[in-house]
Amino acid sequence: MNHPIHFVSLGPGDPELITLKGLKTLQKADIIYCPATQGKHGIISRATDILKAIEVDESLIHPFILPMSKERTDALNAYNELFLDAQAEYLKGKQIVIVAEGDAGFYSSIQYVYDKFEETGIPVDRIAGIPAFIAAGALAGIHIVKQEEQINVIPGTASFDELSAKIENGMIIVIMKLPGCQEAIHTCIRQYADKAVFHYFENVGTRKEYYTTDIATIHSKDFPYFSLLIIQPR
């Protein structure tokens, strides 16, 4: 059995931003596993919405529920169940695709499943996608980095001191998933509004995408999970 299990990156949310290679791989799949969360009004899955928009056969889509919690035990259990289910179907000769939003190798916890297949000796293949911050730069019409500038991409766990040091060093900063460092960001904006431009984004690549550099507006925001910030020197 030589065909690999494919990990397809779906991009930030806009169905047209999936790569041609990713689309062709999805079209050949027998089973497509995609992440979902359990909301108040049922199952929510941005990945499923993307798949439907590119007219993937809905009977092939198998959502797996991921608990949204900083406590990773339940999520790891969900990934282990996914691994076992996908492995069983793979051994039946099925063409398996597992999808991830953004890029499957960039701040993507689906890497846990990828590693388990490698450890088991089952071949895997990952198809690159567009990370949200790259799509955000296009949305805002900004060059994120140019010439000799340096960029630092960090998760939303940064402290004010960390952000302050990077801004003082003239570094471009990308912060992914902002809720975890909301207060640090607000403090940073108050102190450095004259030294840096703060590009704030929500839900990039979806119908709800939002962008602003207005300081007062950013201060008024309660940052959602799918938010990011690009900080550039003035």
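Residues numbered from 1 in each chain as written. Predicted model: local features only at pLDDT ≥ 70, side-chain atom pairs only at ≥ 80, totals over all residues. Heavy atoms only, no water.

A. Expanded view of the overall build of the protein. Tallying secondary structure elements over the protein gives eight helices and 11 strands in all. In terms of overall dimensions, the protein is globule-like: its C-alpha atoms have a radius of gyration of 19 Å, near the 17 Å expected for 234 residues. Principal-axis analysis of the C-alpha atoms places the extent of the protein at approximately 60 × 35 × 35 Å. The 234 residues of the protein split such that 46% are buried. Contacts in the protein between residues far apart in sequence, at least 24 positions, make up 69% of those at least 6 positions apart. Summed over its atoms, the accessible surface of the protein is roughly 12200 Å², and 50% of this surface lies on carbon and sulfur atoms. Counting 21 positive and 29 negative side-chain charges, the protein places the averaged centre of each group 1 Å from the other. (Helix = DSSP H or I, 4+ residues; strand = E, 2+ residues; numbered from the N terminus. Rg over C-alpha atoms; globule rule 2.2 N^0.38 Å. Buried < 20%, exposed > 50% of the residue type's maximum accessible area, 1.4 Å probe, protein only. Contact = heavy atoms within 4.5 Å. Areas by Shrake-Rupley, 256 points an atom, 1.4 Å probe, with all protein chains shown as cover. Lys, Arg positive; Asp, Glu negative; His and termini not counted. Charge placed at Lys NZ, Arg CZ, Asp CG, Glu CD.)

B. Layout of helix 3 (residues 73–91). Taking 1.5 Å per residue, 19 residues should reach 27 Å; helix 3 reaches 27 Å between its end C-alpha atoms and fits that length. Of all the positions in helix 3, only Ala75, Ala78, Tyr79, Leu82, Phe83, Ala86, Gln87, Glu89 and Tyr90 are classed as buried. In the core, the buried residues of helix 3 are packed alongside strand 1 (5–9), strand 2 (31–39), strand 4 (61–65), strand 5 (96–100) and helix 4 (111–120). In the segment just after helix 3, Gly93 is the residue with positive phi, at about 95°. (Expected span 1.5 Å × (residues − 1).)

C. Representation of the packing of aromatic side chains within the structure. On inspection of all chains with the given rule, the structure shows 11 aromatic pairs. Seen in terms of ring centroids, Tyr200 and Tyr210 are 6.4 Å apart; in terms of plane orientation they differ by 70°. Their pairing is edge-to-face. Residue Tyr200 is located in strand 9 (residues 196–202), and its partner Tyr210 is located in strand 10 (residues 210–212); the two are separated by 10 residues in the primary sequence. Ring centres of Tyr225 and Phe226 lie 4.9 Å apart, and the angle between their planes is 85°; this geometry places the pair in the edge-to-face category. We classify Tyr225 as partly exposed; its relative accessible area is 38%. Accessibility expressed as a relative area gives 34% for Phe226, which makes it partly exposed. Taken together through their ring pairs, the aromatic side chains of Phe7, Phe83, Tyr114 and Phe117 make up a single cluster. The positively charged end of Arg46 is found above the aromatic ring belonging to Phe226, 3.8 Å away from the centroid. Sitting above the plane of the Phe83 ring, Lys116 keeps its charged end 4.9 Å from the centroid. (Phe/Tyr/Trp six-rings, centres within 6.5 Å; stacked < 30°, edge-to-face > 60°. Lys NZ or Arg CZ within 6 Å of the ring centre and 35° of its normal.)

D. Representation of the environment of Glu55 within the structure. Topologically, Glu55 is positioned in the loop between helix 2 (46–53) and strand 4. Judged by relative accessible area, which is 72%, Glu55 ranks as exposed. Through-space distance from the C-alpha of Glu55 to that of Gln27 is 9.3 Å; in sequence the pair is 28 residues apart.

E. Quick look at the packing of helix 6 (residues 160–168) against helix 7 (residues 182–192). Running from N to C, helix 6 and helix 7 cross one another at 35°; their axes reach a closest spacing of 9 Å. Helix-helix and strand crossings are classified by hand; for helix 6 and helix 7 the assignment is right-handed. Of the residues in helix 7, those in contact with Phe160, Leu163, Ser164, Ile167 and Glu168 of helix 6 are Ala184, Ile185, Thr187, Cys188, Gln191 and Tyr192. Classifying every residue of the contact of helix 6 with helix 7 gives seven nonpolar, three polar and one charged. (Axes fitted to C-alpha atoms, helices over the stretch in contact; angles between N-to-C directions. Left-handed = near helix turned anticlockwise from the far one by under 90°. Nonpolar A, V, L, I, M, F, W, Y, C, P; charged D, E, K, R; others polar.)

F. Fine view of the pattern of salt bridges. Across all of its chains, the model carries eight salt bridges by this definition. Of the charged contacts in the structure, one is a salt bridge between Arg46 and Glu101, with a shortest N-O distance of 3.1 Å. Of this pair, Arg46 sits in helix 2 while Glu101 sits in the loop between strand 5 and helix 4, and the two are 55 residues apart along the sequence. On the basis of relative accessibility, which here comes to 19%, the residue Arg46 falls in the buried class. A relative accessible area of 24% means that Glu101 is categorised as partly exposed. For Glu168, the salt bridge goes to Lys195, with nearest N and O atoms at 3.9 Å. Here Glu168 is found in helix 6, whereas its partner Lys195 is found in the loop between helix 7 and strand 9, with 27 residues between them in sequence. Judged by its relative accessible area of 46%, Glu168 is partly exposed. Put simply, Glu89, Lys92 and Lys94 are held in one network by salt bridges that share partners. (Salt bridge = Lys/Arg side-chain N within 4 Å of Asp/Glu carboxyl O.)

G. Quick look at a nonpolar patch on the surface. On the surface, Met68, Tyr225 and Phe226 cluster together into a nonpolar patch covering about 300 Å² of accessible area. Inspection of the secondary structure puts Met68 in the loop between strand 4 and helix 3. (Patch = residues over 30% accessible without salt bridge, like charges linked within 9 Å, V, L, I, M, F, W, Y side chains within 5 Å.)

H. Examining the nonpolar core more closely. Ile5, Phe7, Ile98, Ile110, Val113 and Phe117 are the most contacted members of the largest nonpolar core, which totals 22 residues. Sorting the residues of this core by element identifies strand 1, strand 2, helix 3, strand 5 and helix 4 as the ones contributing at least two each. Ile5 has contacts with Tyr90, Ile96, Ile98, Phe117, Ile122, Pro123, Val124 and Asp125, leaving out every residue within four places of it along the chain. Among the nonpolar cores identified, the runner-up in size contains 20 residues, and Leu178, Ala184, Ala196 and Ile218 belong to it. (Core = buried A, V, L, I, M, F, W, Y, C linked by side-chain atoms within 4.5 Å.)

So far we have only geometry, and geometry alone does not tell us how the molecule works.
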